[in-house]
Amino acid sequence: RIHGVAACRAIAHARPLDVRKAFLLQERLRDFGWFVEDMARRRLGYNIVSAEDLETITGGVHHEGVCFYVDPAPPPSFDDLLNEVAAMQRKSAPDAVRVLYLDGVKNPHNLGAIVRTAAHFGVRAILVPAADAAGLGPAGTRVAEGGAESVDIIRLNRPAEALVALKERGLPLFVADAHEGESVFTVELPPRCVLALGAEREGISDALRKLARRAVFIPGTGNVESLNVGTAASV
């Protein structure tokens, strides 16, 4: 169940055949008329509903006038990412590859904001530990503003092994710290790397620090302890 104009528009363009049903306010037909006409040709249902009905369907007021019922996309594979990185490594001039690793970031709104930023700046994938990572869900997908269709979120059963495998293929790990390390404004991050960000209270785990080439931090006034993780990811 996906709602929000940008999120639904991205799905309509990227994987239209996965959309099974659409619910729209009358005024949203100007944004999605082309798509619901295509759904009608494929004998799939769409419904013009009231704002109150849409609140019931989506479970909230932040629906932006549209909701799709969507078949989930196949989960992206870490092996596919690893093979892609290895193939790039064999090139005489490897392409830039930026990957994020999120250590304990569970809030779907934060995750959605990070996905939106990652899509804007061309991050290849976001890695999360399978054991304790939350999914985007409808709220995070809406916050991502369509970015969820552009960035793979890959769940890792053995995160440390995966990060070592990427390091062996030319993507060293850097960790973002609230206070220690080199300023993000002076450090020279390589064009191929993994940047890890931690949850706001716990931060980066000690095990992750041991794998990292370097820690980086965002200097500020010190009037607050740290930035929101979504904001830190943007910086």
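Structural data are supplied above this passage.
The structure reproduced in this document is the subject of the present report.

Parameters at a glance
- Residues numbered from 1 in each chain as written.
- Predicted model: local features only at pLDDT ≥ 70, side-chain atom pairs only at ≥ 80, totals over all residues.
- Heavy atoms only, no water.
- Phe/Tyr/Trp six-rings, centres within 6.5 Å; stacked < 30°, edge-to-face > 60°.
- Helix = DSSP H or I, 4+ residues; strand = E, 2+ residues; numbered from the N terminus.
- Buried < 20%, exposed > 50% of the residue type's maximum accessible area, 1.4 Å probe, protein only.
- Contact = heavy atoms within 4.5 Å.
- Core = buried A, V, L, I, M, F, W, Y, C linked by side-chain atoms within 4.5 Å.

**Here we look at the packing of aromatic side chains**
If you walk through the whole model with that rule in mind, you get four aromatic pairs. Aromatic pair Phe32 and Phe68: ring centres 5.7 Å apart, planes at 75°, arrangement edge-to-face. Placement of Phe32 in helix α2 (residues 29-41) and of Phe68 in strand β4 (residues 66-70) is noted, with a sequence separation of 36 residues between them. For the pair formed by Phe32 and Phe68, the shared burial category is buried. Aromatic rings pair up to connect Phe32, Trp34, Phe35 and Phe68 into one cluster.

**A closer look at the side chain of His63**
Mapped onto the fold, His63 is located in the loop between α3 (51-58) and β4. Overall, the relative accessible area of 6% leaves His63 in the buried class. Discounting chain neighbours no more than four positions away, the residues touching His63 are His3, Gly4, Leu25, Ala51, Leu54, Glu55 and Thr58.

**Let's talk about unusual backbone geometry**
Positive phi, normally seen in glycine, also occurs at Glu64, with a value near 60°. Looking at the secondary structure, you find Glu64 in the loop between α3 and β4. Residue classification places Glu64 among the partly exposed positions, given a relative accessible area of 31%. For Glu145, which is not glycine, the phi dihedral falls at a positive 55°. Along the polypeptide, Glu145 turns up in the loop between α6 (137-143) and β7 (152-156).

**Observations regarding the nonpolar core**
In this structure, Phe78 and Leu127 are the most contacted members of the largest nonpolar core, which totals 25 residues. When residues of this core are traced back to their parent elements, those giving at least two are α4 (78-89), β5 (97-103), β6 (125-129), β7, α7 (159-168), β8 (173-177) and β10 (192-198). Those residues in contact with Phe78 that lie beyond four places of it in its chain are Leu127, Ile154, Leu156, Ala162 and Leu166. Core analysis: the next-biggest nonpolar cluster, separate from the first, contains 21 residues, Val105, Phe174, Val187 and Val229 among them.

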